[in-house]
Amino acid sequence: MNTILQSLLDTCADGNQITEELALACCSLQSDQLPSLFAVATQVRERAFKHNVSLCSIINAKSGLCPEDCSFCAQSAHHETSVAQYPLLDEQTILDGARAAAASGSGCYGIVTSGSGIRGGEELDRICRVIRQIRAEGLIAPGASLGTLDQFSVQALKEAGLVTYHHNLETSRSFFPNICSTHDYEDDVATVRMAKQAGLRVCSGGLFGLGESMAQRVELALTLRELDVDSVPINFLDPVEGTPLSGSKNLTPLECLHSIALFRLILPQAHITVCGGREKNLRDLQSWVFMAGASGIMTGNYLTKQGRQPGDDRQMIADLGLKLAEGLVR
């Protein structure tokens, strides 16, 4: 057996975390060695989650005109795209979305807004009122992705009953200057730390296919491990016309799966969810995300792109002999 794979087996057999050196060595594995890597990743996933996987859903609650210049984003005011632009949705529309997500089998419902962040005022009050209503109905765990936070905002969300705060780091610290110049990486790290310290469940991950190396994906995973995040969403670039990355090529399915497996081995206890871009990048191998170590997928539509129908995703999970968890997968 390949010495890298043997080291993985020896390390993971007792539930130990792999080192940075071993993670970087795994980046060099060839396509014919990946099934063995996936087998180890599956064992690690099953140790943490058994056969349980989960679905999550989001609503694009406020769209467009974002002042940040992230090179991949259709909602940036710096790019000329055809994305819809609208203010924060009314409470009933957001609440109806939560009910629909619960009915589709999702355990978590994310309220997502464009922009740098929300700092008090009517928008935050409206979001907090909806969160209270979602919690009162008890159908689904409410989450939010509202940009960077201050102490007042995070406390208000916590008191309203928010379960999960989502804030992606997007990529590694070393690659971040290539994709964004309007804020610093440490601003995002500070928000993750603030949400974690407030006692919220923290969801933070990244977007692959921006031009970063496999080693830089490992760098991101190690940062997330250091921050002790609870959930890690993995997205794959689906280029949007009008953005600087519009001419980028999709990743190959095996590269996507290789990356998922690395994240599972570096973050053995984290809930790993495969989200945007899976349809275009993984194509016929979407069901393999669970064999590569994922413990969940986002279902339904994304922020500015259409996704898969929840019924198709539930059938895929059933066909694999996996169990759809009720609520958040543990």
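Cut-offs and rules
Residues numbered from 1 in each chain as written. Predicted model: local features only at pLDDT ≥ 70, side-chain atom pairs only at ≥ 80, totals over all residues. Heavy atoms only, no water. Patch = residues over 30% accessible without salt bridge, like charges linked within 9 Å, V, L, I, M, F, W, Y side chains within 5 Å. Areas by Shrake-Rupley, 256 points an atom, 1.4 Å probe, with all protein chains shown as cover. Salt bridge = Lys/Arg side-chain N within 4 Å of Asp/Glu carboxyl O. Helix = DSSP H or I, 4+ residues; strand = E, 2+ residues; numbered from the N terminus. Phe/Tyr/Trp six-rings, centres within 6.5 Å; stacked < 30°, edge-to-face > 60°. Buried < 20%, exposed > 50% of the residue type's maximum accessible area, 1.4 Å probe, protein only. Arc of directions from axis to C-beta. Contact = heavy atoms within 4.5 Å. Pairing = 2+ DSSP bridges. Right-handed = clockwise from strand over helix to strand, strands pointing away. Axes fitted to C-alpha atoms, helices over the stretch in contact; angles between N-to-C directions. Parallel < 35°, antiparallel > 145°, perpendicular 65-115°, else oblique. Nonpolar A, V, L, I, M, F, W, Y, C, P; charged D, E, K, R; others polar. Expected span 1.5 Å × (residues − 1). Core = buried A, V, L, I, M, F, W, Y, C linked by side-chain atoms within 4.5 Å.

Time to look at a nonpolar patch on the surface. A contiguous nonpolar patch, built from Leu254, Trp288 and Met291 and spanning about 240 Å² of accessible area, is present on the exposed surface. Residue placement: Leu254 occurs in helix 9 (residues 253-266).

The subject of this paragraph is the packing of aromatic side chains. Counted according to the given criterion, the structure contains four aromatic pairs. When the ring of Phe38 is compared with that of Trp288, the centres are 6.5 Å apart and the planes differ by 80°; the resulting orientation is edge-to-face. Taken together, the residues Phe38 in helix 3 (residues 34-49) and Trp288 in the loop between helix 10 (278-282) and strand 9 (296-298) connect sequence positions 250 residues apart. Judged by its relative accessible area of 6%, Phe38 is buried. Both rings, one in Phe208 and one in Phe236, keep their centres 6.0 Å apart while their planes meet at 65°; by these two values the pair is edge-to-face.

Here the focus is helix 11 (residues 310-319). All of the buried residues along helix 11 are Pro310, Asp313, Met316 and Ile317. Angularly, the buried residues of helix 11 cover 120° about the axis, an arc narrow enough to put them on a single face. Its buried side turned inward, helix 11 meets strand 1 (52-62), helix 10, strand 9 and strand 10 (323-324). A positive phi of about 75° marks Gly321, the residue just after helix 11.

Further remarks concern the pairing of strand 1. Taken residue by residue, a regular strand's side chains alternate between the two faces of the sheet. The buried fraction of strand 1 amounts to eight of the eleven residues, a majority that puts the element mostly inside the structure. Inspection of the sheet shows strand 1 paired to strand 10 by two bridges, in the parallel sense. Within strand 10, the residue paired with Asn52 across the bridge is Lys323. Summarising the sheet, strand 1 and strand 2 (residues 106-113) pair through seven bridges and their orientation is parallel. In the sheet register, Asn60 faces strand 2, and the bridge partner there is Val112. With helix 4 (residues 91-103) bridging strand 1 and the parallel strand 2, this β-α-β connection has right-handed handedness.

This next bit is on the packing of helix 1 (residues 3-12) against helix 3. Relative orientation of the contacting elements helix 1 and helix 3 amounts to 10°, with a least axis distance of 10 Å. Taken together, the axes of helix 1 and helix 3 are roughly parallel relative to one another. Contacts between helix 1 and helix 3 pair Leu5, Leu8, Leu9 and Cys12 from the former with Ser36, Leu37, Val40, Val44 and Arg47 from the latter. Grouping the amino acids of the contact of helix 1 with helix 3 by side-chain chemistry returns seven nonpolar, one polar and one charged.

What follows covers helix 5 (residues 122-137). If you check helix 5, its first and last C-alpha atoms are 23 Å apart, about what 16 residues at 1.5 Å a residue would give, namely 22 Å. Immediately beyond the C-terminal end of helix 5, within one or two residues, lies Gly138, with a positive phi of roughly 65°.

With that settled, the discussion passes to the environment of Arg314. Relative to the helices and strands, Arg314 resides in helix 11. Taking relative accessible area as the criterion, Arg314 reaches 35% and is therefore assigned partly exposed.

Residues Leu157 and Phe263 are the most contacted members of the largest nonpolar core, which totals 97 residues. Sorting elements by how many residues they give to this core places helix 9 first, with eight residues. Excluding its chain neighbours within four sequence positions, the residues that come into contact with Leu157 are Leu124, Ile127, Cys128, Ile131, Leu146, Leu149, Leu162 and Tyr165. Membership of the second largest hydrophobic core comes to five residues, among which are Cys56, Cys108, Met298 and Tyr302.

Under the counting rule described, the total for this entry stands at 15 salt bridges. The shortest N-O distance in the salt bridge between Lys62 and Glu123 comes to 3.2 Å. Of this pair, Lys62 sits in strand 1 while Glu123 sits in helix 5, placing them 61 residues apart in sequence. Salt-bridge contacts for Glu91 lead to Arg129; the nearest nitrogen and oxygen are separated by 2.8 Å. With Glu91 in helix 4 and Arg129 in helix 5, the pair connects residues that are 38 residues apart, well separated along the chain. Assessed through its relative accessible area of 30%, Glu91 is described here as partly exposed. Classification of Arg129 by relative accessible area gives partly exposed; the value is 37%. Residues joined by salt bridges that share partners form a network here, namely Glu91, Glu122, Arg126 and Arg129.

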